[in-house]
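Tertiary structure, described
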Amino acid sequence: MSARGTDWIPRFRALEAVRRVVLDGESLTVSLAEETEGLAAREAAWSRALAYATVRWYLRLDAMVEGMLERPLKPRDAVIRVLLCQGLAELFHFGTPDHAAVRETAELARTLQRPGAVPLVNALLRRALRERDVMGAAMNRTPSLRYACPPWLVAGIRSAFPDTWEAQLEASTLPAPMTLRVNLARSSREAMQRRLREAGHAVTEHSSGPAALVLETAVDVERLPGFSEGLLSVQDAAAQWAARLLAPRSGERVLDACAAPGGKTGHLLESANGDLQLTALDVDGARLGRVRDNLRRLGYPAAMVVGDLARPDAWWDGALFDAILLDVPCSATGVIRRHPDIKLLRSPRDIGALAHRQRQLLETAWTLLRPGGRLLYATCSLLDEENEGVVAPWLAATPGACCETLDFPGGVARPVGRSIPLGSEGMDGFYYALFTRGA
Ligand SMILES: C[S@@+](CC[C@H](N)C(=O)[O-])C[C@H]1O[C@@H](n2cnc3c(N)ncnc32)[C@H](O)[C@@H]1O
């Protein structure tokens, strides 16, 4: 891509999106959606890919910059540091030819009204090219730099998975697959696979679930045959275990207690072809709108409730539920390959606060379950603190709660519940624990 004409715009938009994450603490999803608005589809996709590569590797790239700067940049030049990281991402993780990456990154310094930074950008990127092997080897000795993951998170993953932590960190640096879920109540995996192939999509069956298909190349979901008719949804194979483990039966009263954006709500309904009395609860009304859109597309009904699970008096009619899915808010460290900004935005302090909240939500949800009913606790976290660290002490303190043994491929048994390590059979990292309530 050349800096002439308007070709510099997608690169500049990527920079703005990354700058908002790094310097303003915004989410990459939000900043990218805003920054790519108005771009043609191909340019927007290019911008997104560059921003993702930069954020995914940011901690490593920033350490490279730090090692090469002869004197610290002034606070007003913080954006130049972000620019340098983006230039390094283009050089080492994006496939832009070296000369173009250096020239275009330097040009962006001018666009930023920092012409004085052009020589620095040129010099530093060229030096990185010359010294990449030496610098790379030195950084690879430190796991947090090798995998561009903050040390506290490396330590948490290592302590939860002493045998597979490194494979999971490796997986966290790779783009995630686009996995689909076929609505088995209305079609079959074979039929959908045929339709997708006829439409020119290369697709394979996922080993971990009867409804899961993996696209070789991610595409705009609206272009997939069967999507608008509700025959297909986008959902990682690990997340597809939620509805399978809770296994709602026709006519049951089911609470999806933290429902938005509704991936699992739709799957729960598909499991009984819509024949559930399902309440989709979420504290965030705007996010609950996405559940509504999802269910409209799938053609299944549910009661939508905006409310705080921890305060049932405000929304609950007093009738106990047969089954509850408790997909709690969490650090989302199991999905860092999809949301690499988590590595920059989360801190260890957040984890303690989340664990406290998760325990509260679990305690409340339990009171809404009928005797003999079942509750599935789920997170997309890799950290013990949010998984068995929450459920094990709760289980010990809760008479009548019985933990079911879970056994499914791609997962590993935990002291309580079962984890899916990040990257296991290509899946996101997840944690599930299923409890039944004694009569
Ligand atoms: C991990 S997400 C759920 C993902 C969803 N189950 C799915 O599969 O699409 C957690 C959700 O919990 C909601 N949440 C957080 N605190 C809550 C509370 N106190 N009561 C109800 N919902 C809550 C958040 O708004 C967020 O939408």
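An account of the accompanying structure is given in this report. All residue numbers here refer to positions counted from 1 along the written sequence of the relevant chain. In view of the model being predicted, local features appear only for residues whose pLDDT reaches at least 70, and side-chain atom pairs are presented and counted only at 80 or more, with totals across whole chains, interfaces and linings using the full set of residues.

1. Let's talk about the packing of helix α4 (residues 58–68) against helix α7 (residues 118–140)
- Packing of α4 against α7 brings their axes to within 10 Å, and their N-to-C directions diverge by 110 degrees. In this view, α4 runs roughly perpendicular relative to α7, as classed from their interaxial angle. As α4 runs across α7, the sense of the crossing is right-handed. Facing α4, whose interface residues are R60, A63, M64, G67 and M68, α7 presents L124, R127, A128, M135 and M139.
- Residues are grouped as follows: Ala, Val, Leu, Ile, Met, Phe, Trp, Tyr, Cys and Pro are nonpolar; Asp, Glu, Lys and Arg are charged; all remaining types, including Gly, are polar. Taken together, the residues of the contact of α4 with α7 sort by class into seven nonpolar, one polar and two charged. Between the N-to-C directions of two axes lies an angle of 0 to 180 degrees, each axis being a line fitted to C-alpha atoms and, for a helix, fitted only over the stretch in contact. Secondary structure elements are taken from DSSP: a helix is a run of H or I of four residues or more, a strand is a run of E of two residues or more, and numbering for both begins at the N terminus. For classification purposes, angles smaller than 35 degrees are called roughly parallel, those larger than 145 roughly antiparallel, those between 65 and 115 roughly perpendicular, and all remaining angles oblique. Here a crossing is taken to be left-handed if its near helix is turned anticlockwise relative to the far helix by less than a right angle, and right-handed if that turn runs clockwise. Any two residues are considered in contact once their C-beta atoms, placed from the backbone, lie within 7 Å.

2. Describing the environment of V79
- Position of V79 relative to the elements: it lies in helix α5 (residues 78–93).
- Classification of V79 as buried rests on a count of 20 C-beta atoms within 10 Å.
- The spacing of V79 and L344 is 265 residues in sequence and 16 Å in space, taken between C-alpha atoms.
- In contact with V79, not counting residues within four places along its chain, are R19 and L112. Neighbour counting defines burial: a residue surrounded by 20 or more other C-beta atoms within 10 Å of its own C-beta is buried, one with 12 or fewer is exposed, and intermediate counts give partly exposed, using backbone-placed C-beta atoms.

3. Focus on the sheet that holds strand β4 (residues 232–234)
- Taken in spatial order, the four strands make up an open sheet running β2-β3-β1-β4, and their pairing is antiparallel. Looking at the sheet topology across the chains shown, the edges are occupied by β2 (203–205) and β4. Taking each pair of neighbouring strands and ignoring which way they run, the sheet shows an average axis angle of 35 degrees.
- Across three bridges, β2 lies against strand β3 (residues 212–215) in antiparallel orientation. What sits directly across from E205, in β3, is L213.
- Its contacts with the sheet place helix α11 (residues 189–198) against β1 (178–182), β2, β3 and β4, and it is angled at close to 165 degrees to β2. In short, DSSP must find at least two bridges between two strands for them to pair.

4. Remarks on helix α13 (residues 263–271)
- The buried fraction of α13 is high, at nine of nine residues.
- Among the residues of α13, G263, K264, T265, G266, H267, L268, L269, E270 and S271 are the ones counted as buried.

5. Regarding the environment of C149
- Note on placement: C149 falls in the loop between α8 (143–146) and α9 (151–160).
- Each C-alpha atom, one on C149 and one on Y432, is 24 Å from the other, the two residues being 283 residues apart in sequence.
- Setting aside residues no more than four positions away along its own chain, C149 makes contact with L59, S144, V154, L169, S172 and K343.

6. Here we look at the site of the ligand
- The criterion for a residue being near a molecule or strand is simple: its C-beta atom, placed using the backbone, must lie within 6 Å of it. The full set close to the ligand counts 18 residues, and C258, A260, K264, L309 and D327 are the nearest of them.
- Of the residues that constitute the shell around the ligand, the class distribution is 10 nonpolar, two polar and six charged.

7. Thoughts on unusual backbone geometry
- That bond from A260 to P261 is cis: its omega, 5 degrees, falls within 30 degrees of zero.
- Inspection of the secondary structure puts P261 in the loop between β5 (253–256) and α13.
- Phi is positive for E425, which is not a glycine, with a value near 50 degrees.
- On the secondary structure map, E425 appears in the loop between β12 (418–420) and β13 (430–437).
- For E425, a count of 16 C-beta atoms within 10 Å gives the class partly exposed.

8. So, the pairing of β13
- As paired elements, strand β9 (residues 369–379) and β13 share six bridges and run antiparallel to each other. When the sheet's bridge partners are listed, L375 is paired in β13 with F435.
- Where strand β10 (residues 401–403) lies against β13, three bridges are found, and the strand directions are antiparallel. Counted as the bridge partner of C402 is T436 from β13.

9. Let's talk about the pairing of β1
- A large share of β1 lies buried, amounting to four of its five residues.
- The pairing of β1 with β4 spans three bridges and is classified as antiparallel. Bridging from a neighbouring strand, V182 pairs with L232 of β4.

10. Comments concerning the packing of α4 against α5
- With their axes 9 Å apart at the nearest point, α4 and α5 run at an angle of 110 degrees to one another. With respect to their mutual orientation, α4 and α5 come out roughly perpendicular. Relative to α5, α4 is oriented so that their crossing is right-handed. Contacts from Y58, L61, D62, M64 and V65 in α4 reach R81, L84, C85, L88 and A89 in α5.
- Split into classes, the residues belonging to the contact of α4 with α5 amount to eight nonpolar, no polar and two charged.

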